[in-house]
Amino acid sequence: MKPGRFTYHSPRSLDEALAALQVYGDDAKVLAGGQSLMPMLNFRLARFEHLVDVNRLGAEYAEPTFGDTRITIPLLVRQRRVERSEEAARLLPVLTEALAQVAHPQIRNRGTICGSLAHADPAAELPSVLSVLDATFTIASSRGVREVPAEEFFLFHLTTSLEPDELLLQVSVPRPPVNQFSSFREFATRRGDFALAGVAAVCEVDAAGVVTTCRVAAAGVAPTPHRLTDVEALVTGASLNEDLWPDVEAAARAQVDPTGDIHASAEYRSRLTGVLVKRALADIRGKLEASRA
Amino acid sequence: MRDHATEFPTRTQDETHTVGCTVNGREYEAVVDPRMTLADFLREKLRLTGTHLGCEHGVCGACTVIVDGAATRSCLMLAVQADGAQVETVEGLAEDGELSPLQCAFKRNHALQCGFCTPGFLMSVTAALREESVTTEEQAREVLSGNICRCTGYTGLVKSVLEASAGKEGNA
């Protein structure tokens, strides 16, 4: 099918974009990479009176910056740009690993990181990854700029705290300390499909091999990125070794309450979450050992 | 709060846009509705019907073209967004009637049957091989994973990617 009619706006500056959203916000949708929005428009699952295309805001919004204290990803950074960044792979391996599993290269060439976050599909990889990276979401409107953490940004299926006149301007994460290790694991029935479940994990480990900080979130098993706080509590203060896995797996399974569908039952998704948490933590242990070899 | 309404040109849903872009090295200009996709623009406005449309929601890959060097689903991009872009389609692969090495590999290995999906495969693989060479079957399958073929299977496709990447030439 083809999209229904809409009025097309192509602002050339941030001010112009925010002004358009102020005027038309209630009936408008922001178009960035379009890799989630265009299918919905083509199928007429969604219709908007106005589309505000932010692709021509300027090249400065298309490059990530790796600062001394924070890593910042503005709204026009394509997924493929970060996926192929050596600096991102070194500093934020969990993001690089997850990006490689977001659909296919043809989609990632155009899809943006901020666009996927603003779309907030509960099965998508990036919301859970940015949650465990302790991301700050910078939201702009003609009323001003505000910043919210992930738990205040993601509200429900396809629902964020963005107001109709607001734009997700950038997402930023603290530059990770050298003792941070991270991993992303998912399982999908076909390459590039939405995963049946996915797990993002970040650990900080002291010189003795004890985990001092742990953040774990699951994708695809709840309406928003689902922090597995029981797993985090078990891992924090422990060493990553096989004795821990049975408890971690059980805790993960107990803390998710997914819905079943044609692709997988609720029970299968719970079990899968436990297995993926174990795999992600084992991967982190491997990276830790490699760093000390 | 400022009232921005007066600062905009009044736009309507009937408004058309002029798109100027380069396709396969040739410059084109056409007037489009904003809701026209790049795929329909190529097919209907430019009559470049080599680009095929299968699912129209980014899954099947048949409509893949190369936009400013990157393989892109032309069903998921608006024509108006391609204003000023360099676009490559399957019509641009053969030079002076000579098939590209990748096209030759497809022919040699029977990597197509009905041919509907073939333009998308060719464009995806062409873009991928420009980025890096493909030396293993696993890599080849990864490169092919964003396109769907429903009749001939993938064995010939995998072989074609490996041969084209290795620089094997010939039409046989």
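Residues numbered from 1 in each chain as written. Chains lettered and ligands numbered in written order. Predicted model: local features only at pLDDT ≥ 70, side-chain atom pairs only at ≥ 80, totals over all residues. Heavy atoms only, no water.

Labelled according to an unreviewed UniProt entry, chain A appears under the name Xanthine dehydrogenase family protein subunit M, originating from Amycolatopsis carbonis.

Please set out unusual backbone geometry residue by residue, giving values where relevant.
Residue and element names in this part refer to chain B. Phi at asparagine 24 is positive, roughly 50°, even though this residue is not glycine. By the secondary structure assignment, asparagine 24 is in the loop between strand S1 (17–23) and strand S2 (26–32). With relative accessibility at 29%, the residue asparagine 24 sits in the partly exposed group. The phi dihedral of arginine 47 is positive, around 55°, even though this residue is not glycine. The topology assignment puts arginine 47 in the loop between helix H1 (38–45) and strand S3 (64–67). (Helix = DSSP H or I, 4+ residues; strand = E, 2+ residues; numbered from the N terminus. Buried < 20%, exposed > 50% of the residue type's maximum accessible area, 1.4 Å probe, protein only.)

How would you summarise a nonpolar patch on the surface if you had to cite specific residues and measurements?
Together, Met1, Phe43 and Leu45 of chain A give the surface a local cluster of nonpolar side chains, amounting to about 320 Å² of exposed area. Its location among the elements puts methionine 1 of chain A in the segment before strand S1 (7–9). (Patch = residues over 30% accessible without salt bridge, like charges linked within 9 Å, V, L, I, M, F, W, Y side chains within 5 Å. Areas by Shrake-Rupley, 256 points an atom, 1.4 Å probe, with all protein chains shown as cover. Salt bridge = Lys/Arg side-chain N within 4 Å of Asp/Glu carboxyl O.)

Now, about the UniProt feature "domain: FAD-binding PCMH-type" (unreviewed entry) in chain A: what can you tell me, with residues and values included?
UniProt's feature table lists "domain: FAD-binding PCMH-type" (unreviewed entry) at residues 1–178 of chain A, given in the numbering used throughout. What you have in residues 1–178 of chain A is 33% helix and 24% strand, and the ends, taken at the C-alpha atoms, are 50 Å apart. (UniProt positions renumbered as here; feature names shortened; annotations may be inferred.)

Mind laying out empty space enclosed by the protein, listing which residues take part and the relevant values?
Residue and element names in this part refer to chain A. Scanning the model with the defined rule gives one cavity of 30 Å³ or more in all. In this model, the largest cavity occupies a volume close to 40 Å³. Taken together, Pro3, Gly4, Arg5, Phe6, Leu41, Ala46, Arg47 and Phe48 make up the lining of the largest cavity. Of the residues assigned to the lining of the largest cavity, the class counts are five nonpolar, one polar and two charged. (1 Å grid on protein atoms, 1.4 Å probe; cavity = no way out; pocket = protein on both sides within 12 Å on 5 of 7 lines; lining within 4 Å. Points joined across faces, edges and corners; volume = space filled by probe spheres on them. Nonpolar A, V, L, I, M, F, W, Y, C, P; charged D, E, K, R; others polar.)

Describe the nonpolar core, and please don't skip the residues or the numbers.
Leu75, Leu95, Leu117, Val129, Leu130, Phe137 and Val171 of chain A are the most contacted members of the largest nonpolar core, which has 53 residues in total. Ranked by the residues each element gives to this core, the list is headed by helix H1 (residues 14–24) of chain A, at six residues. Beyond its immediate stretch of four places on either side in the chain, phenylalanine 137 of chain A contacts Leu117, Leu130, Arg146, Glu147, Val148, Pro149, Ala150, Phe153, Phe154, Leu168, Gln170 and Val171 of chain A. Among the nonpolar cores identified, the runner-up in size contains 34 residues, and Tyr8 and Leu51 of chain A together with Leu42 and Leu48 of chain B belong to it. (Core = buried A, V, L, I, M, F, W, Y, C linked by side-chain atoms within 4.5 Å. Contact = heavy atoms within 4.5 Å.)

Let's hear about the pattern of salt bridges: which residues, and what values?
All names here are of chain A. Evaluation of the coordinates by the stated rule reveals 25 salt bridges over all chains. Across the pair arginine 80 and glutamate 83 runs a salt bridge whose closest N-O atoms are separated by 3.2 Å. You can see arginine 80 and its partner glutamate 83 sitting in helix H3 (residues 79–83), three residues apart, about one turn around the helix. When its relative accessible area of 12% is taken as the criterion, arginine 80 is described as buried. Its salt-bridge partner being glutamate 232, residue arginine 227 comes within 2.6 Å of it at the nearest N-O pair. A relative accessible area of 29% means that arginine 227 is categorised as partly exposed. The buried category is assigned to glutamate 232, whose relative accessible area is 9%.

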